Structures are given as C-alpha cells and as structure tokens.
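# Fold and contact review
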Amino acid sequence: MLKPVLAATGCYVAGDLLFSRLLDPLGLGYLHAFLAMFAGMLVGGYLAGRGFVPVALAINLAFSALTYLAVSQMRGQPLLELIGGQHPMISLGSFAGAALGAWLGMRLRRVGQGPNAGSPAS
C-alpha cells in the first residue's frame with residue numbers, strides 16, 4: 001500500500017503546483033486544491049485497487065490537519081478559531097474529491113482487469 005500512497009501524495013503535490021499555475025491566470029485558482037487531490041487519489045486508487053478509499057481519506061485528513069496547523073502558525077491565530085472561521089464546504093469538498101478520486105481509480109483498475117477482478121483468484 002506504500003507505493004499507491006506515495007504516488008497519490010506525489011501527484012497531489014505536483015498537481016497542486018501545476019493547477020495553481022494554470023488556473024490562477026484564469027481566475028479559477030480556488031479549484032487547484034480540489035483538482036490536485038482528485039488527481040492524486042485517482043492515481044493512488046488506480047495503483048492500489050480495492051480498499052484505497054479509507055487510505056485516501058486518511059491521507060486527505062493528514063494534509064488538511066497539516067494545512068490548518070501551518071496556516072494557524074503563520075497567522076498567529078489559534079487553531080480552533082481558524083477552523084471555526086472556515087466554511088465547512090472547504091473541508092467537505094476536499095474529502096469528497098479524495099473519496100471520489102480513489103473510488104474512480106479503483107473502478108478504472110477493475111475495468112482494466114476484466115470481469116474477474118474482484119475474485120480471490122485474481
């Protein structure tokens with residue numbers, strides 16, 4: 001499971017940089033994190049196959065926690081105040097992107113493996 005997790009994480013970081021540069025000039029910079037998370041989890045889900053959705057959500061939770069901690073430290077703002085001031089859809093959108101990306105990656109892998117992809121013999 002380490003390879004898919006590292007691939008998802010690396011894709012997320014690379015996607016975040018790429019999507020920021022592509023979307024900021026168009027005024028769509030707010031989509032960069034969602035798209036990066038979706039791309040990362042799509043790759044991780046594809047590599048891992050079954051069972052990646054819980055891992056994807058754990059990765060997403062870790063990134064969210066690190067982001068909140070870093071921003072609260074940079075602003076000198078208490079962590080709970082920062083979390084309370086954020087619209088809940090920001091976090092929920094990120095979790096939805098992680099779950100949807102992981103699920104879609106898993107489905108794409110199963111389609112590529114044929115009809116017996118879920119059987120113990122495969």
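Scroll up to find the structure.
A brief report on the enclosed structure follows. (Residues numbered from 1 in each chain as written. Predicted model: local features only at pLDDT ≥ 70, side-chain atom pairs only at ≥ 80, totals over all residues. Heavy atoms only, no water.)

### Observations regarding the layout of surface pockets
Roughly 570 Å³ of internal volume is contained in the largest pocket. In terms of lining residues, the largest pocket is bounded by 22 residues, among which Tyr12, Ala33, Thr67, Ile90 and Ser94 are the most central. Elements with a contribution of two residues or more to the lining of the largest pocket: α1 (2-23), α2 (32-48), α3 (52-75) and α5 (88-113). For the lining of the largest pocket, the leading source of residues is α3, giving 7 residues. Tallied by class, the residues present in the lining of the largest pocket amount to 12 nonpolar, 8 polar and 2 charged. (1 Å grid on protein atoms, 1.4 Å probe; cavity = no way out; pocket = protein on both sides within 12 Å on 5 of 7 lines; lining within 4 Å. Points joined across faces, edges and corners; volume = space filled by probe spheres on them. Helix = DSSP H or I, 4+ residues; strand = E, 2+ residues; numbered from the N terminus. Nonpolar A, V, L, I, M, F, W, Y, C, P; charged D, E, K, R; others polar.)

### Quick word on α1
Along its 22 residues, α1 runs 31 Å from first to last C-alpha, staying within 8% of the 32 Å computed at 1.5 Å per residue. For α1, every residue scored as buried is listed here: Pro4, Val5, Ala8, Tyr12, Gly15, Ser20 and Leu23. Each element contacted by the buried residues of α1 is listed here: α2 and α3. (Expected span 1.5 Å × (residues − 1). Buried < 20%, exposed > 50% of the residue type's maximum accessible area, 1.4 Å probe, protein only. Contact = heavy atoms within 4.5 Å.)

### Focus: the packing of α3 against α5
At a minimum axis distance of 9 Å, the contact between α3 and α5 shows a crossing angle of 150 degrees. What the angle tells us is that α3 and α5 run roughly antiparallel. For the element pair α3 and α5, the recorded crossing hand is right-handed. In this structure, α3 contributes Phe52, Val53, Ala56, Leu57, Asn60, Leu61, Ser64 and Tyr68 to the contact, and α5 contributes Ser91, Ser94, Phe95, Ala98, Ala99, Ala102, Trp103 and Met106. Residue composition of the contact of α3 with α5, by class: 12 nonpolar, 4 polar and no charged. (Axes fitted to C-alpha atoms, helices over the stretch in contact; angles between N-to-C directions. Parallel < 35°, antiparallel > 145°, perpendicular 65-115°, else oblique. Left-handed = near helix turned anticlockwise from the far one by under 90°.)

### A short note on the side chain of Ser72
Locating Ser72 in the fold gives a position in helix α3. In terms of polar contacts, Ser72 uses its side chain to reach the backbone carbonyl oxygen of Leu69, at 3.0 Å. Leaving out residues up to four positions away in the same chain, Ser72 has contacts with Gln77, Pro78, Leu79 and Leu82. (Polar contact = N/O pair within 3.5 Å; in protein donor to acceptor, adjacent residues only side chain to side chain.)

### Concerning the packing of aromatic side chains
In the structure shown here, the tally under the stated rule is 1 aromatic pair. On the numbers, 4.6 Å between centres and 45 degrees between planes, the contact of Tyr12 with Phe63 is tilted. Residue Tyr12 is located in helix α1, and its partner Phe63 is located in helix α3; the two are separated by 51 residues in the primary sequence. (Phe/Tyr/Trp six-rings, centres within 6.5 Å; stacked < 30°, edge-to-face > 60°.)

### Focus on α3
In this model α3 runs 34 Å from its N-terminal to its C-terminal C-alpha over 24 residues, within 8% of the 34 Å that 1.5 Å per residue would give. Along α3, the positions that sit buried rather than exposed are Phe52, Ala56, Ile59, Asn60, Phe63, Ser64, Tyr68 and Ser72. Those residues of α3 hidden inside the fold are in contact with α1, α2, α4 (79-85) and α5.

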